[in-house]
Amino acid sequence: MEGAAVAAVLRSRRNREQQDHLDHYIENESPSAAAFRTRKIEGIIQNKMDSTTVALDNVRKKALKHEKQVDGLLVKVEERLSRGTHYQSLLAITFFFVLYVTVLFLQRDATRAYTVEASFLDTLIRALPENKYITSDAEFYEWLDKDIVERIFQDPACGDGVCSIPDEYPGFGRFGCQRDCGRYSKTSTITVNLLPYLNLTEEWADGMDPTNTWWDLEGKVVQKGAIPGYKFNVYSHTMQDFLLEEDVEQKDDPIVIEVPDGPLTLHLYQTTKMSQLISANDIFKYTYLDGATLPQRNASSDFAYGDQREAVAAQAILQKQVIDSCFSGQRDQTQEELINCLTNPTLDFYFKGMAAYGLQGDVKTANGSKATAVLQDVPFCKIFPRGFEGLLNETNKNLAAEVAIPCSEGIRRRRAFQSARRFVNAMATPARDEQTLVMRGGEDAGEQQGEGGLGRRLLQSTTCTAHTDCDQNIFDKYTGNPGQFCTKYGRCDACSFCQVDKEDAIDGMCPRDLCPMSGGFPECLDASKLLAEWSCPDKFDFQVYKYGDPGEPVEVKPPPKDSIRRVTPFNRLVGAVTVEQERRPVGECRKISNEDVKAFASNMRCLAKGKEEVAYGRDPVLMPTSSIYDGKLSPEEFYLDDERARTVVTVEKADGSVVEEEQLSTSIAFYPHSYDQMTGAPKGESLWGKGKAKEQNFFTYLDGRATQAQAKRMLAFMDEGKFIDGQTRKIHVRMVTFNPNLNLFANLRLTFTWEVGGGINWDFQLQTVFVDMYRGDKGQAQQILEIVCVIFLAANCLYELHDIFIGIRIMHPIAYFLDPMNIFDWVHLIMMWIGWIMWALYAQRVSGFEMKPAYPILADPSAKARLFATDAQNEKDYLDFMYEIQAASDALASYVSVSSICVVLFVIRVLKNLDFQARMGLVTRTLAAAMSDLCHFAFLFFIVFFGYAMVGHLLFGHQFEWMKDPGVSCVFLFFQLVAFDPTQFWIEMTHAAPEWAFHLYLWSFLLIVFFILFNVLLAILIDAYAGIKAEIPEDAPGFGDEMASVISARVADLCMPADRRVSDKRFKELLEAHKNGLPSTDVLRDALVTSTAPPEPICLPGGISVDAHVLRSLIKEKEEDAHAKERRRSSIRVYSALDDIQQDEQQQSVVWDGEEEEMINDVVQRYSKLSMVDSEKLEQDTLSILQVEHLKRELAMYRCAQRLHDTMGHIEESIDRLALEHLPPEERTVPQDFGAVQANAQAGPASMKAPDRVRGIVRVTVVEARHLPSMDVLRSVDPYCLVFLTERIGESTTGEVTFRTEEKKAERHPVWNADFELPIMRNSTALTVALFDKDNISKDDLIGCVHVPLTDLEEWKHTDEWFPILNPNMSHRRIKRSEVHLKITRLPDASEASVRQESNLPNIIEDAAGEGSRASGGGLFD
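No experiment lies behind these values; they were computed from the predicted model shown. (Residues numbered from 1 in each chain as written. Predicted model: local features only at pLDDT ≥ 70, side-chain atom pairs only at ≥ 80, totals over all residues. Heavy atoms only, no water.)

### Some points on the overall build of the protein
- Along the backbone of the protein there are 41 helices and 35 strands.
- When the accessible surface of the protein is summed, it comes to about 76,800 Å², and 56% of that surface belongs to carbon and sulfur atoms. (Helix = DSSP H or I, 4+ residues; strand = E, 2+ residues; numbered from the N terminus. Areas by Shrake-Rupley, 256 points an atom, 1.4 Å probe, with all protein chains shown as cover.)

Take a look at the structure:
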């Protein structure tokens, strides 16, 4: 024996000396590494075997277990059922889509809306410039005039043969339309004969003046423009208007007017402000009225008739004109005219003129015969009541004496100067024909003489120094009485010329004894006293009733109705055209920092933020320079004092001094919406109207009741009243129309923005809306379809909520929300709910819609002034109506927009539902495959594109409209990218920047964005499409074939009896019955492997991997103290040659708690994701590496087999010798040659494989479990257990036998007390108890596993313990207390025990077979 041992040792040394590197390869490879490689290869091969449907040999066909067959059939059935379910979903979503689109078409008829909106676009909108800018305020007013007023406010044309009542009616004079409607016959004729003093004929004069004084002076006065301009008109209360279109000024013949029955009023006007043509001193010179006592002009209008100041001014100018006409010498005079001038004392003409203000005449009508009846006498307004009698009536002088006052000092000196001047001129006058010319008065008289005029001279034969020197027998031509007096110039003159003692008589006193009617006229008169009781009416009322009784109502004009104003044909204007202005306040220019610029702009004001609400503008009707000026109107009649501007004016006093006074000026025209122009007070908030705050805006209205002339007058009012000024920010022109044929309202809003840069931009918003819903059969059908559509939507939501509920029950809701398509579905459903809510709100709004028959917004469309004064309540009602229309149109537009998005999402969902079909899902699968590349491309494209947009904005935005801001620049570049058009930008951009910069920008953009990036995008899509297309088998069924197959199968299931056809659903139930409630083997294996497998290692370059064990050791090392670290370093240096098993044991010896384990797993998972590669590529690389390693193993195993053959031969010889030596002779047999055994081994696996018989039994009692985690929300957990033995290698991870406990409903501490016996097979490695949660909705969820290695179980030893439940994929906190109570006993196989008791010799044949099997087991790639 000792010799044999020595020989064996020597042989062993000799073998070691002959070993090559392949022996080292075998010896140095640890068992754990070999096991890992084996498992890796098994997994890859198993995946490839599972993915194929072909069995290459009968052995494998027979080896397929019944369970695998059932699982495979279940997969096929489920695929078929899934395909049918997909087609059902496709049909359902398609039907829902068609239903939804149908409802949308019923809800909004876009074709009808287009016919209305297109009419607006072709007329009102197209009239504006295409570049969205107008050039000036005048262009805005021109557009309003030509395209709004003239288009909308079209009055019926008289003469078209159609009598359009009420605008046209039987007429007379300027009223009605006689050509279309005939003549109104119930009229009368009145004659108005009114003449001023200068136009009175001799006939009229004879009736007033028995002296037959010279009249008809109008054609003889010098200053033609200095006449009062008296005019008149007749107002008919029946017609509510003036009978004459314009006020008339009678020249010669009387005015004949046709009037209807009813009250009439004669209105008189003075159209010239005479007070502005003459000063107070000049008035005194010609009227003796002291300037200090003159009244101020109190007339309420420029054309006021009968104002005291105007009356004295007019008469003073009249006196001046008559005197100048007689004595200025500026025109030729006849002998008769000269005699009239010289023989009529100026004071006599003064009295007559002061009694002749205004017009005099009468109004007459025919009385049925040749005679006429006087309806109204109109007298002159007489300051001296008996003034027409002149000096012949002493009452005139007596009245003058009553109002006499001492003259003001300055005035007296001036009149003394005039008297001295007349004296000097009289002394210098030469004699002619032995006659002496004596001055008779008048300013500058005798200074100028015409070629044929004699000036102001009176023929006298004597001079005098006293009154007695004059011949008293000479008769006075004026009075007819004898007598003379000595004038202040020493000439004898008629007594009628001596009236003002100090100025006329030589001794300052007229000789009343010689001239009884002379003297006594004061030098100065008090105007206030003289005019104290003077009045001058400007209206005279009278009536004409020829066809009815007095006071009886007369109707000529039909009652007014709301005019039908059409914006476009069939689209009637509702209410008015609204012009709303937003204004900006003015403040300091704070953006200027440069001192020089600031000084230059010191007198300038800048616009500030906020809104201006101060009234502004001027009423042009009351401005003489305006084209719509009406002097008959007075500001006081229409405006309060607080509504008028105040100005400081310079006033000259009677004494010549000049002072500044604050006076009321022009009237303010435009007021904020919060101000009530009718009451002159702020409106209450209840009258502001609905919607956003409008109280700060300014509104004007072109009322639909107005005529075209009135509307044009309103535009002129806005233009000349400065509605638009430097503070205008925006103007909104709004109108609402109704089309009765289509039952549609149209809401148009044009916005004009006055930009601070100087441009006027315009934009518009046009929407149509209807308010009648669910009317008639179509409306009822629409309502039913809407309800069905909402039901479908609710069903979709319930289906998605069911999926969420399943995710919550299985405690994995995050997985549902991480699916992008689920998020997309919810976005679509939420958008649809938003749309339906918007539709419901819209329906609710229009169901309560109310509208008045008419909206008379303006208080009076025909108002003479203050044209835009509104009725506050009617204005509020109209603004509320516009708000409702605007809100309804906005709601409908928003709903249509959301619905359009829903339709697009619907289309995408339909495409998504087609993804299951091989050929129809090309689009979605292509996009999905290219999504990653598209996202990266989009990011890159955005950077480049936005960069070019910014550069374009900086280079060209200061001049080029399409790059004025970054957003517009992006839009412009995009459109140029898809439709390049150089004509849109070439000229503008080349002028906005240097030409080289423009070309560099343009061509680089085209090169980079279009030629490179755009083609990259196409390449990404084409590449993805090609890849997806290549994956589709050539024989893949088409959509039609599959659809036909599904439909035919469904029809067959419904029509064929159950004994002739097994439906797919029934077939699945039968297969599931074979499973007896057990999950699929593959499912269970995947669950166990997933739950127990460690995280994927972190892959590093060079084939290096770092797993959780390495990270544990690295992190644990950081937590050791310094001494331990040093000791560990020493240990590493000493034991650096440890094999893999020792390193694994050393790494596994690091103990961590649950939370730290989660931390390690998190680190591994986080970094392993960064190194993940495609699974298919990884498998190919793994197989390639393992094939190379396998070649080495094959060579090593071949060498080992050679040495093993020699060794086994020596062992056989030794055993034979021992047997022959120790066995009795009768038990000795002929030794079997080991070569025979080897031959049998080489014969094949079938002859050599040892029987896979039972190696023992494990008795298991699953007693109970405790602290199981809750697996869903509604129910805690429904646990059951699967008990099986885990195999190391094989198709069935669960071994040959699997047992299942009963299910415990809603029990976290279940008790089973279930006993099982499991046979231990050759490959069994561990006892596994897997706990599952039963789920009737989805697949059962794994709670955790308990693994008990068989090597830890001793035979015949009873184990009774609580084992912790493990599940790495579940939070440690949830499962850390979970345990299961097991009772385990391992029993040996009875036959194996008896054999081993009979003989202690090893079973050489079995061991040899086993070794042979293991030796050949490495040939996995043969």
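On we go from here.
### Re the pattern of salt bridges
- Within the structure shown, the criterion is met by 42 salt bridges.
- Two residues, K632 and D247, come together in a salt bridge whose shortest N-O distance is 3.0 Å. Of this pair, K632 sits in the loop between β17 (606–607) and α19 (635–638) while D247 sits in the loop between β4 (241–242) and β5 (255–260), and the two are 385 residues apart along the sequence.
- K632 sits in the partly exposed class, given a relative accessible area of 22%.
- Linked by salt bridges that have partners in common, D145, K146, E150 and K712 make up one network. (Salt bridge = Lys/Arg side-chain N within 4 Å of Asp/Glu carboxyl O. Buried < 20%, exposed > 50% of the residue type's maximum accessible area, 1.4 Å probe, protein only.)

### Concerning the environment of Q321
- Relative to the assigned elements, Q321 resides in helix α11 (residues 308–327).
- Overall, the relative accessible area of 3% leaves Q321 in the buried class.
- Q321 sits 95 residues away from A226 along the chain, and the two C-alpha atoms are 8.7 Å apart.

### Here we look at the confidence of the model for the protein
- Of the residues in the protein, 75% have a pLDDT of 70 or more, and the chain-wide mean is 78.
- Residue range residues 17–22 is modelled with pLDDT below 50. Its contacts to residues more than four positions away, or to other chains, number seven contacts.
- This model gives residues 412–461 a pLDDT under 50, and the stretch forms 90 contacts once residues within four places in sequence are excluded. (pLDDT = per-residue confidence, 0-100. Contact = heavy atoms within 4.5 Å.)

### Concerning the state of the cysteines
- Scanning all chains against the criterion turns up nine disulfides.
- Paired through a disulfide, C158 and C177 show a sulfur-sulfur distance of 1.9 Å. Between C158 and C177 the disulfide shows an S-S torsion of about 95 degrees. By sign, it is right-handed. Of the two residues, C158 is situated in the loop between α7 (137–152) and α8 (178–181) and C177 in the loop between α7 and α8; the sequence distance between them amounts to 19 residues.
- Across the disulfide from C498 sits C510; the S-S distance is 1.7 Å. Taking the torsion about the S-S bond as the criterion, the C498 to C510 disulfide, at about -95 degrees, is left-handed. Of this pair, C498 sits in the loop between β12 (492–494) and α16 (501–504) while C510 sits in the loop between α16 and α17 (527–530), and the two are 12 residues apart along the sequence. (Disulfide = S-S within 2.5 Å.)

### A few points about the sheet that holds strand β8 (residues 372–378)
- With antiparallel pairing, four strands are arranged side by side in an open sheet as β5-β2-β7-β8. Each edge of the sheet is formed by a strand with only one pairing partner; in this case those strands are β5 and β8. On average, each strand axis in the sheet is tilted by 25 degrees relative to the strand beside it, whichever way the strands run.
- Of the strand pairs in this sheet, strand β7 (residues 359–366) and β8 are connected by six bridges, and their pairing is antiparallel. If you follow T365 over to β8, its bridge partner there is A373. (Pairing = 2+ DSSP bridges. Axes fitted to C-alpha atoms, helices over the stretch in contact; angles between N-to-C directions.)

### A look at the pairing of strand β32 (residues 1324–1333)
- Judged by how many residues are buried, β32 sits mostly within the fold: nine of 10 residues are covered.
- Looking at chain direction, strand β29 (residues 1279–1287) and β32 are connected through nine bridges and run antiparallel. Within β32, the residue paired with E1287 across the bridge is S1324.
- Taken together, the eight bridges between β32 and strand β33 (residues 1341–1349) define a ladder with antiparallel strand orientation. Each bridged residue has a counterpart across the sheet, and for A1326 the counterpart in β33 is P1349.

### Quick word on the sheet that holds strand β31 (residues 1311–1320)
- Pairing is antiparallel across the open sheet formed by four strands, whose spatial order is β31-β28-β35-β34. Two strands close off the open sheet at either side, each with one partner strand: β31 and β34 (1358–1364). Ignoring which end each strand starts from, the neighbouring axes of this sheet average 20 degrees apart.
- The pairing of β34 with strand β35 (residues 1379–1388) spans seven bridges and is classified as antiparallel. If you follow F1363 over to β35, its bridge partner there is V1380.

### Some points on the nonpolar core
- In terms of nonpolar packing, the biggest core is built from 109 residues, with F140, V733, M735 and F752 touching the most fellow members.
- At 13 residues, the largest contribution of residues to this core is made by helix α24 (residues 872–913).
- Every residue in contact with M735, bar those within four places of it in the chain, is listed here: L124, I148, I152, V567, L573, A576, V577, A746, N747 and L748.
- Among the nonpolar cores identified, the runner-up in size contains 76 residues, and I257, A311, F384 and W534 belong to it. (Core = buried A, V, L, I, M, F, W, Y, C linked by side-chain atoms within 4.5 Å.)

### Let's talk about the side chain of N697
- With respect to the helices and strands, N697 occurs in the loop between β21 (681–682) and β22 (698–703).
- Judged by its relative accessible area of 1%, N697 falls in the buried class.
- At a separation of 2.6 Å, a polar atom in the side chain of N697 contacts the side chain of E580.
- Engagement of the side chain of N697 in a polar contact is seen with the side chain of K611, the distance being 3.2 Å.
- Dropping the residues within four chain positions of it, N697 is found in contact with E580, Q581, E582, K611, Y671, P672 and H673. (Polar contact = N/O pair within 3.5 Å; in protein donor to acceptor, adjacent residues only side chain to side chain.)

### Notes on the side chain of T287
- By the element assignment, T287 lies in helix α10 (residues 280–287).
- For T287, a relative accessible area of 0% translates into the label buried.
- The residues contacting T287, other than those within four sequence positions of it, are V312, A316, Y350, M354 and L525.

### A word on a nonpolar patch on the surface
- Taken together, the side chains of V907, L911, V923, L927 and M931 present a nonpolar region at the surface, about 380 Å² in accessible area.
- Among the elements of the structure, α24 and α25 (922–956) are those that each provide at least two residues to the nonpolar patch.
- Among the elements that make up the nonpolar patch, the one with the highest residue count is α25 (three residues).
- Looking at the secondary structure, you find L911 in helix α24.
- Classification of L911 by relative accessible area gives partly exposed; the value is 32%. (Patch = residues over 30% accessible without salt bridge, like charges linked within 9 Å, V, L, I, M, F, W, Y side chains within 5 Å.)

### Description of the pairing of strand β24 (residues 744–754)
- Most of β24 is tucked away, with nine of its 11 residues classed as buried.
- Looking at chain direction, strand β23 (residues 728–739) and β24 are connected through 10 bridges and run antiparallel. Its bridge partner being in β24, H732 is matched across the sheet by T751.
- What sits between β24 and strand β25 (residues 760–769) in their antiparallel hairpin is a turn of five residues, with G758 showing a positive phi close to 120 degrees.

### Considerations on the packing of aromatic side chains
- Throughout the structure, instances matching the rule amount to 67 aromatic pairs.
- Aromatic pair F985 and W986: ring centres 6.4 Å apart, planes at 40 degrees, arrangement tilted.
- Look at F985 and you get buried, because its relative accessible area is 2%.
- Positioned above the aromatic ring of F242 is the side chain of K632, whose terminal nitrogen or guanidinium carbon lies 5.0 Å from the ring centre. (Phe/Tyr/Trp six-rings, centres within 6.5 Å; stacked < 30°, edge-to-face > 60°. Lys NZ or Arg CZ within 6 Å of the ring centre and 35° of its normal.)

### Examining helix α29 (residues 1039–1055)
- Between its first and last C-alpha, α29 extends 24 Å over 17 residues, near the 24 Å set by a 1.5 Å rise per residue.
- If you check which residues of α29 are buried, you get E1042, M1043, V1046, A1049 and A1052. (Expected span 1.5 Å × (residues − 1).)

### Considerations on the environment of G387
- Within the secondary structure, G387 is located in the loop between β8 and α14 (394–402).
- You can call G387 buried: its relative accessible area is 0%.
- Along the sequence, G387 and K397 sit 10 residues apart, while their C-alpha atoms lie 9.6 Å from each other.

### Here's the deal with the environment of E249
- By the secondary structure assignment, E249 is in the loop between β4 and β5.
- The class of E249 is partly exposed, set by a relative accessible area of 30%.
- Distance from E249 to K231, taken between C-alpha atoms, is 4.5 Å for residues 18 residues apart in sequence.
- Ignoring any residue separated from it by four or fewer positions in sequence, one finds E249 in contact with I227, G229, Y230 and K231.

### Thoughts on the packing of α11 against helix α13 (residues 346–353)
- The geometry of α11 relative to α13 is characterised by a closest axis approach of 10 Å and an angle of 145 degrees between their N-to-C directions. Between α11 and α13 lies a crossing of right-handed hand. Where α11 approaches α13, its residues Q315, L318, Q319 and V322 are matched on the opposing element by T346, F349, Y350 and G353.
- Of the residues contributing to the contact of α11 with α13, the split by class is four nonpolar, four polar and no charged. (Left-handed = near helix turned anticlockwise from the far one by under 90°. Nonpolar A, V, L, I, M, F, W, Y, C, P; charged D, E, K, R; others polar.)

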